[in-house]
Amino acid sequence: MNKKDVGNIRKQFKINNDKLKISDIFNVYIMKESSEIFHSQSTPFAMLDQDQQELFLSSFKKMLAGQMDEKLFELKFKRDAENSSQLILHQGLLSNEVEDWKEQMLKMVEKMLAIRQYEKDIVVTFIRGEYIKPMKRSSGESDEHERDTVFSHAFILSSINNTQDPKKELLFDYVDREFKYNIVLDPIINLQAPMGGFLFPCFTDNAADVNHILYASGKVHEPDYAFIEDVLNGEEIMTAQDDKIVFEEIIKDVTGDQLNTGTLSNVYEEINRMITENEEEEPPKLDSKDVEQVLKMSGVEDISTEKVEFAFKKIIDDDKYELKASNILPKFTSKSIKISTKIANIAISPPDLRYVKQVEFSGKRYLMIEVEEDTVIEGFTMIPEALFGNQKDE
């Protein structure tokens, strides 16, 4: 799934939407002390009152929010995994009876309980439903024709939420005209910040892919690797951060850690060009040959195929590895590059990196930024100073 695919299904989680039909919801309450199921309850989703439906739908949208490879990860199922989650979820997806579906979902809960004891009571929620996506209209076709032909996809979604102790509050009783201490013993289920979850199967364009599952972590850049491998039986993943680090280390190895800001800006512009040209397709990936081409196009000298392949092998032990272009490129139109010094912190965009240089003068290092206008600090316009004005005096 790409960002567009996730966005398409995420925006369907709203009340009274005929493009998303949720048939059942199944909640499982797990005690922290014993790591056992304390209570489970299945209900037709339509039987919940509207306020409850909105709470759950809002929680599901929050779970599916975020960037791919940062908070959301498409996982490929391992082959021949013992007690395969792919098989469990597929059987649940095909179940006609609610009891059969619940039985499969409880198997997933058992796998969750096998990997850890949770610090708080948690609630695992499962829903099953149908996602309906109209076909793209050809020019001149009416709205009625758009709804004539649709793609229909059955899915299972699960979210994990922890519980919170109720707040201790003082309230005023209007009837008795007295202050009272509000005592609430029931735990509060925190639906506003899901700890994680998953969507099965993945959807790519208009096709369901049962060989992949979408995993959602609770926090950005913090995937639960035990959950991925032992609960979902997903293959090992590389996060956006991992790709970025690998790319940086490969470039350092190939260039001898000698790259000026102008050349680095060219590298980023070349990668951005690749992304822009493939905007309507799958996000481009860069193998060793692509990285070699990017460096040559950016003006880096003394680059060879052998040198780049050796760097891939050395850094990631795989000269056939492909880096996702979107993972290694800082956000191109925003000030995503941070320059930190003892004196100041500066943020600039990748295209503007060419205007920043580090220079040496009189045995000292300076950060020089080329500007087209006067620099104003706290309302005061700075007076231009000649960089080499005192050189003759020395």
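Going by what an unreviewed UniProt entry lists, the protein is known as DUF4317 family protein and is assigned to Niallia taxi.

Caption draft 1: Structural detail: the overall build of the protein. Regarding its fold elements, the protein presents 11 helices and 20 strands. Here the C-alpha radius of gyration of the protein, 27 Å, is well above what a compact globule of 394 residues would show, namely 21 Å. Dimensions along the principal axes, computed over C-alpha positions, put the protein at roughly 85 × 65 × 55 Å. Looking at the protein residue by residue over its 394 residues, the buried ones come to 38%. The long-range share in the protein, meaning contacts at least 24 apart out of those at least 6 apart in sequence, stands at 66%. Taken as a whole, the protein presents about 24300 Å² of accessible surface, with 48% of it coming from carbon and sulfur.

Caption draft 2: Layout of helix α7 (residues 240-255). With 16 residues, α7 extends 23 Å from end C-alpha to end C-alpha; this agrees with the ideal 22 Å at 1.5 Å per step. Buried within α7 are the following residues: A240, D243, V246, F247, I250, I251, V254 and T255. In a view along the axis of α7, the buried residues occupy a sector of 145°, so they form one face of it. In this structure, the buried residues of α7 make contact with α8 (261-277), α9 (288-297), α10 (305-316), β14 (323-324) and α11 (325-328). Once α7 finishes, G256 follows within two positions and takes phi at roughly 70°, a positive value.

Caption draft 3: Local environment of a negative patch on the surface. A contiguous patch of negative charge, built from E370, E372, E373 and D374, is present on the exposed surface. Position of E372 relative to the elements: it lies in the loop between β18 (364-369) and β19 (376-377). Taking the relative accessible area as the measure of exposure, E372 reaches 78% and is therefore exposed.

Caption draft 4: A look at the pairing of strand β2 (residues 37-44). Pairing of strand β1 (residues 20-30) with β2, which is carried by 7 bridges, proceeds in the antiparallel orientation. The partner of N27 across the bridge, within β2, is Q41. The loop that links β1 with its antiparallel partner β2 comprises 6 residues; one of these, S35, has a positive phi angle of about 55°.

Caption draft 5: Summary view of the side chain of S298. Tracing the chain through its elements places S298 in the loop between α9 and α10. At 3.3 Å, the side chain of S298 and the backbone nitrogen of V267 are in polar contact. Once residues lying within four places of it in the same chain are set aside, the contact partners of S298 are T263, N266, V267 and E270.

Caption draft 6: Region of interest: helix α2 (residues 50-63). A rise of 1.5 Å per residue sets the reference length of α2, with its 14 residues, at 20 Å; its end C-alpha atoms lie 20 Å apart and thus fit the reference within 8%. By the burial criterion, the buried members of α2 are Q53, F56, L57, S59, F60 and M63. The buried residues of α2 all sit within an arc of 160° when viewed along its axis, so they share a single face. In this fold, the buried residues of α2 make contact with β1, β3 (72-76), β4 (122-134), β5 (150-164), β9 (196-200) and β12 (212-217). Here α2 starts with a cap whose side-chain oxygen sits 3.2 Å from the backbone nitrogen of D51, and that cap is D49.

Caption draft 7: A nonpolar patch on the surface, seen in detail. The grouping of L170, F172, Y174, F179 and Y181 at the surface amounts to a nonpolar patch, some 680 Å² of accessible area in total. The topology assignment puts F172 in strand β6 (residues 169-173).

Caption draft 8: Summary view of the pattern of salt bridges. Counted under the stated rule, the structure contains 13 salt bridges. Salt bridges sharing partners connect three or more residues here, namely E270, R273 and E277.

Caption draft 9: Highlighting the packing of α7 against α10. Look at α7 against α10: their axes get within 9 Å of each other, and the N-to-C directions meet at 135°. Judged on the interaxial angle alone, α10 and α7 are oblique. The chirality of how α7 crosses α10 is right-handed. Within the contact between the two elements, α7 uses V246, E249, I250, D253 and V254 and α10 uses K307, V308, F310, A311, F312, K314, I315 and I316. Partitioned by chemical class, the residues of the contact of α7 with α10 number 9 nonpolar, no polar and 4 charged.

Caption draft 10: Structural detail: the side chain of Q53. Positionally, Q53 belongs in helix α2. Q53 gets classed as buried once you look at its relative accessible area, which sits at 14%. The contacts of Q53, once residues within four sequence positions are left out, are I15, F45, A46 and L48.

Caption draft 11: Molecular detail of the nonpolar core. M112, F126, F198 and L232 are the most contacted members of the largest nonpolar core, which has 30 residues in total. Counting residues per element, this core draws most heavily on helix α4 (residues 98-115), at 6 residues. Excluding residues that lie within four positions of it along the chain, L232 makes contacts with L75, F77, S85, M108, F198, I213, Y215 and F227. Counting residues in each nonpolar core, the second largest holds 29 residues, with I251, Y268, L295 and I348 among its members.

What counts and how
- Here the residue numbering is sequential within each chain, running from 1 through the sequence in written order.
- In keeping with the predicted nature of the model, local features appear solely for residues at pLDDT of at least 70, side-chain atom pairs appear and are counted solely at 80 or more, and the whole-chain, interface and lining totals rest on all residues.
- Excluding hydrogens and water, the side-chain figures rest on all heavy atoms present in the structure.
- To qualify as a helix, a DSSP run of H or I must reach at least 4 residues; to qualify as a strand, a run of E must reach at least 2; elements of each kind are numbered from the N terminus.
- Our radius of gyration looks at C-alpha atoms and nothing else; its globule reference is 2.2 Å times the residue count to the power 0.38.
- For each residue, the accessible area found with a 1.4 Å probe, counting protein chains only, is set against the maximum for its type, and the residue is called buried under 20%, exposed over 50%, and partly exposed in between.
- Any two residues whose heavy atoms approach within 4.5 Å at even a single point are treated as in contact.
- Per-residue accessibility takes into account occlusion by the displayed protein chains alone, with areas from the Shrake-Rupley method and a 1.4 Å probe.
- Here, expected helix span is obtained from the residue count minus one, scaled by 1.5 Å.
- This arc corresponds to the set of directions leading from the helix axis out to the C-beta atoms.
- Candidates for patches are residues over 30% relative accessible area with no salt bridge; among them, like charges are joined within 9 Å and nonpolar side chains (Val, Leu, Ile, Met, Phe, Trp, Tyr) within 5 Å.
- Whenever Lys or Arg places a side-chain nitrogen within 4 Å of a carboxyl oxygen from Asp or Glu, that contact is recorded as a salt bridge.
- In summary, the charge assignment counts Lys and Arg as positive and Asp and Glu as negative, without counting His or the chain termini.
- By convention, charge coordinates are those of NZ in Lys, CZ in Arg, CG in Asp, or CD in Glu.
- Two strands pair under a simple rule: DSSP has to find at least two bridges between them.
- Pairing of N or O atoms within 3.5 Å defines a polar contact, subject to two protein rules: one partner must be a possible hydrogen donor and the other a possible acceptor, and residues neighboring in sequence count only if both atoms are side-chain atoms.
- Here, axes are lines fitted to C-alpha atoms. For helices the fit covers the stretch in contact, and angles between N-to-C directions go from 0 to 180 degrees.
- Under this scheme an angle from 65 to 115 degrees is roughly perpendicular, one under 35 degrees roughly parallel, and one over 145 degrees roughly antiparallel; angles in between are oblique.
- A clockwise turn of the near helix away from the far one marks a right-handed crossing, whereas an anticlockwise turn of less than a right angle marks a left-handed crossing.
- Residue type decides the class: Asp, Glu, Lys and Arg count as charged, Ala, Val, Leu, Ile, Met, Phe, Trp, Tyr, Cys and Pro as nonpolar, and the leftover types, Gly among them, as polar.
- For this analysis, a nonpolar core means a set of buried residues of the types Ala, Val, Leu, Ile, Met, Phe, Trp, Tyr and Cys, connected via side-chain atoms within 4.5 Å.

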